[in-house]
Amino acid sequence: MSSTELPSVPPTSVLPKSVPVRVAEGERLRSVGLPGVTLTVRSRPPAREGLQPALFVHGLGGSSQNWSALMAMLDGDVASEAVDLPGFGDSPPPDDGNYSITGHARAVIRYLEASGRGPVHLFGNSLGGAVTTRVAAVRPDLVRTLTLVSPALPELRVQRTAVPTGLLGVPGVAALFSRFTREWTAEQRVRGVLALCYGDPGRVSEEAFRYAVEELERRLRLPYFWDAMTRSARGILNAYTLGGQHGLWRQAERVLAPTLLIYGGRDQLVGFRMAQRAARAFRDCRLLTLPEAGHVAMMEYPETVATAVRELLADAADPADTADTADPADTADTADTADTADTTNSTGAAGAAGTAATRS
């Protein structure tokens, strides 16, 4: 079953939500209609006029809420917005049912074009890291800097702990898993996700855990929940098999924007060993390693990540904007024609207690 097939459940058949989507203090949500897709956008009012725009893209199974802590930390540095990718958070499925890396990248590109906010400081985690790498490679005119937290780039030797997540993309597995776990409570599911994604799940407060349970209960009632998860996981697997100019590593090498790479030493989904390969791939990049972090460093150590981001922004604050010097031939929106690829490169980092940073 191809990731480009129409979804089994029409996008309009959405069941009532058990609880409203959480909006933290200082945030607001709005729905943005675009060709073929509707996106929910979470934003914070700029602390002052003239701040450069930033856009945050979450990972598989996540939502714009994953960036709330970091967005608040960067209030005085950028004008922050985070999107719910199609089929995730509060965004309905895409009209064409395309959950590939290309499909998600196309949605991000269409939003940036429609909003007129580009070039932006672009952030991506996990799946969102692959998506934003694709965006930065094919549309350098839209990207000022790129920050990747545990980006989902191809690995030859996948960690054993990441195999179950990858198997979601195999036809039939999600349905089997859904039947096998139908008796699991939302609390049990959330504890499992936290154990997989956090270096130390004990860092999650009781309040944050309660919010996570409420959000999962809401999303499990959506008829397209498993479809979005399955097809997006399959999109990652398909992107991993691509070679040539559409391969993710090859596309990482095409990224012109100054890039910050962040990897966690306890990441069970993206191999920590991939940090050095990524640092060699991106042409203008810095690498921050957090030995105690897991897969979502921006949620576990938002202060440290914010410090590294500020250093990136300060170093990138040069009149000679990388995006402005890009080859115009590279700015065509090729996201409509090919499946994405991602690579990483490194050149520097912000240090903090318990972290290692390199620059090249």
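Everything below is about the structure shown above.
Our subject in this report is the structure included herewith. Please read these numbers as outputs of a predicted model, since none were measured by experiment. Here the residue numbers are simple positions, counted from 1 along each chain's written sequence. For a predicted model such as this one, the threshold for reporting local features is a pLDDT of at least 70, and the threshold for listing and counting side-chain atom pairs is 80 or more; totals across whole chains, interfaces and linings nevertheless cover every residue. Hydrogens and waters are ignored; side-chain quantities use all the structure's heavy atoms.

### Remarks on the environment of Leu70
Piece 1. Only DSSP runs of H or I with at least four residues qualify as helices, and only runs of E with at least two residues qualify as strands; both kinds are numbered from the N terminus onward. Within the secondary structure layout, Leu70 lies in helix α1 (residues 68–73).
Piece 2. Sequence spacing of Leu70 and Ser80 is 10 residues, and the spatial spacing of their C-alpha atoms is 9.6 Å.
Piece 3. The contact partners of Leu70, leaving out residues within four places of it in the chain, are Phe56, Phe123, Met298, Pro302, Val305 and Ala306. When checking whether two residues touch, look at their non-hydrogen atoms; a contact exists if any pair is within 4.5 Å.

### Some words on unusual backbone geometry
Comment: phi is negative for the bulk of residues other than glycine, and the bulk of peptide bonds are trans.
Piece 1. Here the bond from Gly118 into Pro119 is cis, since omega is 0°, no more than 30 degrees from zero.
Piece 2. Looking at where Pro119 falls in the secondary structure, it is placed in the loop between α2 (101–115) and β5 (120–125).
Piece 3. Backbone geometry at Ser126 places phi at a positive 60°, although glycine is not the residue there.
Piece 4. By the secondary structure assignment, Ser126 is in the loop between β5 and α3 (127–138).

### Things to note about the pairing of strand β1 (residues 28–34)
Piece 1. Note on pairing: DSSP must find at least two bridges between two strands before they are called paired. In terms of strand pairing, β1 meets strand β2 (residues 37–43) through 7 bridges, oriented antiparallel. Across the sheet, residue Arg28 finds its bridge partner in β2, namely Ser43.
Piece 2. Where β1 hands over to β2, the hairpin turn is made up of 2 residues, of which Gly36 adopts a positive phi near 80°.

### Examining the environment of Ala69
Piece 1. Structurally, Ala69 can be placed in helix α1.
Piece 2. Once residues lying within four places of it in the same chain are set aside, the contact partners of Ala69 are Met298 and Pro302.

### Details of α2
Piece 1. Multiplying 1.5 Å by the residue count of a helix minus one yields the expected span of that helix. Compared with an ideal rise of 1.5 Å per residue, which puts 15 residues at 21 Å, α2 spans 21 Å between its outermost C-alpha atoms and is within 8% of the ideal.
Piece 2. Between buried and exposed lies partly exposed: a residue is buried under 20% and exposed over 50% of the maximum accessible area for its type, with that area taken using a 1.4 Å probe on protein chains only. Buried residues dominate α2, accounting for 11 of its 15 residues.
Piece 3. Along α2, the positions that sit buried rather than exposed are Ile101, Thr102, Gly103, His104, Ala105, Arg106, Ala107, Val108, Ile109, Tyr111 and Leu112.

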